[in-house]
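# Working through the structure, step by step
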Amino acid sequence: MPELFAADGAARVWEVGALCRAVADALEARFNPVAVRGEISGFARAASGHCYFAIKDTQGQLRCAMFRRAASLLDFAPRDGELVELRGRLGVYEARGDLQLIVESMQRAGQGALFEQFLRLKAKLEAEGLFDAARKRPLPLLPRGIGVVTSLGAAALHDVVSALRRRVPHIPVVLVPALVQGAGAPASLIAALSKLYLLAQAASRQEADLAVNIPPGAPPIDVILLVRGGGAIEDLWAFNDEQLARTIVQSPVPVVSGVGHETDFTIADFCADLRAPTPTAAAELVAQPRSVWLGALDLLQQRLADAVQRQLDARWQRLDQAAARLGRPSAFAARAQLRLAQQAQRLRHAMLLHLQHLMHMQQALETDLGQKTRLRLAREHERLERLALRLELLDPQQVLQRGYALLSDARGHVLTSAHAAHPGDAVRARLADGTLDLLVAPPH
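On a predicted model such as this, the values are computed, not experimentally measured, just so you know.

Disulfides are covalent bonds that connect the sulfur atoms of two cysteines. In the structure shown here, the tally under the stated rule is zero disulfides. Free cysteine Cys-51: the closest other cysteine sulfur is in Cys-64, separated by 11 Å. We classify Cys-51 as buried; its relative accessible area is 0%.

With five bridges connecting them, strand β1 (residues 34-45) and strand β2 (residues 51-56) associate as antiparallel partners. The residue of β2 that forms the bridge with Ala-44 is Tyr-52. Hairpin connection of β1 to β2: five residues between the antiparallel strands, including Gly-49 at a positive phi of 100°. Pairing geometry for β2 and strand β3 (residues 61-66), over six bridges, is antiparallel. Pairing of Lys-56 across the sheet is with Gln-61, part of β3.

In the structure shown here, the tally under the stated rule is 15 salt bridges. For Glu-126, the salt bridge goes to Lys-122, with nearest N and O atoms at 3.7 Å. With Glu-126 and Lys-122 both in helix α3 (residues 111-127) and four residues apart, the pair spans about one turn of that helix. Measuring nitrogen to oxygen at the nearest pair gives 2.8 Å for the salt bridge that ties Glu-128 to Arg-246.

To continue, consider the environment of Trp-316. With respect to the helices and strands, the residue Trp-316 is situated in helix α9 (residues 290-326). With 20 residues separating them in the primary sequence, Trp-316 and Ala-296 have C-alpha atoms 30 Å apart.

Attention now moves to the layout of surface pockets. Reported here for the largest pocket is a volume of approximately 310 Å³. Taken together, 16 residues form the lining of the largest pocket, with Arg-108, Phe-115, Thr-263, Asp-264 and Phe-265 sitting closest to its centre. Top element by residues in the lining of the largest pocket is α3. It accounts for three residues. Across the lining of the largest pocket, the residue classes tally to eight nonpolar, five polar and three charged. Here the second largest pocket is characterised by a volume of approximately 210 Å³. Lining of the second largest pocket is provided by 13 residues; of these, Tyr-52, Arg-63, Cys-64, Arg-96 and Gln-100 occupy positions nearest its centre. Going through the elements one at a time, β2, β3 and β5 (98-108) are the ones with two or more residues in the lining of the second largest pocket. Examining the composition of the lining of the second largest pocket, we find that four residues originate from one element, β3, more than from any other. Of the residues assigned to the lining of the second largest pocket, the class counts are seven nonpolar, three polar and three charged.

Procedures and definitions
All residue numbers here refer to positions counted from 1 along the written sequence of the relevant chain. Where totals are concerned, whole chains, interfaces and linings use all residues; where local detail is concerned, this predicted model gives features only for residues with pLDDT of at least 70, and gives and counts side-chain atom pairs only at 80 or more. Side-chain measures here rest on the full set of heavy atoms in the structure, leaving out hydrogens and waters. When two cysteine sulfur atoms are found within 2.5 Å, that pair is recorded as a disulfide. Classification of residues uses two cut-offs on accessible area relative to the type maximum, computed with a 1.4 Å probe and protein chains only: under 20% is buried, over 50% is exposed, and between them is partly exposed. DSSP-based pairing: two strands are paired if at least 2 bridges between them are found. Every helix listed is a DSSP run of H or I at least four residues long, and every strand listed is a run of E at least two residues long, numbered separately from the N terminus. Salt bridge, as applied in this entry: a Lys or Arg side-chain nitrogen positioned within 4 Å of an Asp or Glu carboxyl oxygen. Cavity and pocket criteria rest on a 1 Å grid covering protein atoms alone: a 1.4 Å probe that fits but cannot get out defines a cavity, protein on both sides within 12 Å along at least 5 of 7 lines defines an open pocket, and an atom within 4 Å of a point defines a lining residue. Grid points are joined across faces, edges and corners, and a volume is the space filled by probe spheres set on the points. The nonpolar class holds Ala, Val, Leu, Ile, Met, Phe, Trp, Tyr, Cys and Pro. Asp, Glu, Lys and Arg form the charged class, and all remaining residues, Gly among them, are polar.

Structural data, given as structure tokens:
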């Protein structure tokens, strides 16, 4: 369509679409690509995967569109009020003539350095085993007392108290307030947790340490809630403190962390025994509704009543059977007498069998003993005769009968060697029929 000009040379008259395109071209030439920082407002994700929202600060607001491809690259879930940095291209949405920013990338403002610091500390503590699932403890089903650490002015406190009052109004709650944001927050959180640790330990020792500002008669603490509402990474940074992480691990009772929103993760979440997505969820995890326990008690009561009734029925049945037996005492006595007679007959029969067995054994032993005694005497007599013969063969007198002589010196010692006698010694020779006194002659 040809362009239109006024006859008097006035300003050019644009078609709407052409003007929108011209403005878009001007923006493209002067500003793009562009980076901008601000807070998210009205964030919405369409079914197509495209995201639509506005970025704003105290002085202005800009509509934004982030198409599915770029949105799929996000490593966090954007939410209203979050401070972010966007990179993209300015343009004009011609269908409405709106200025908008086509977002190509998004990250939390200031996230880079803090996130790298977070990752380094996370890797360090994970290597030391502070995140090990094996050391995580189950939550008590019926805590005697619940400890809460959070700020007195935080919305998280209201959420936790409301959930506990609604679900377990009978369980006492001990609140130790602490700073949850700022430079002094880590030390404040550590001090608050330490007070609850002393109370939990005192319960196990049956004594309370009043020097740490714990009120007398405070209930024993069986679980601790560490909670805070949502915010930017800078707001939650106190829960990424290394000393706080080590303090959480030293807790004598299970610790549940409920810090931020469902998409927020802190070092405290990894060290706690259980992470809850929100403060309210943390309270609900440690507080089974009273109605559940009342229902369980009703069920147990019914089961107990049924069991008692079954026992009573069984006892009544046994009583009826006993009454039926006692109703005919003569028959009962007759059966008892018959059983006694049978037992007596069996006993007499057993005794007779036993006595017969003993008599047979005695007769066998008597017969066997006589035979064995005669055989033993014969063997011993024969043995004595052999020994007498051997003794007789060893008699020196028998040797002397064969012409040998037994020599002895003057003291009666037997001479067994010629060297034992010296010339001139008196020697006595014993022969078979007498003795001879001899004198040793000198050698020739």
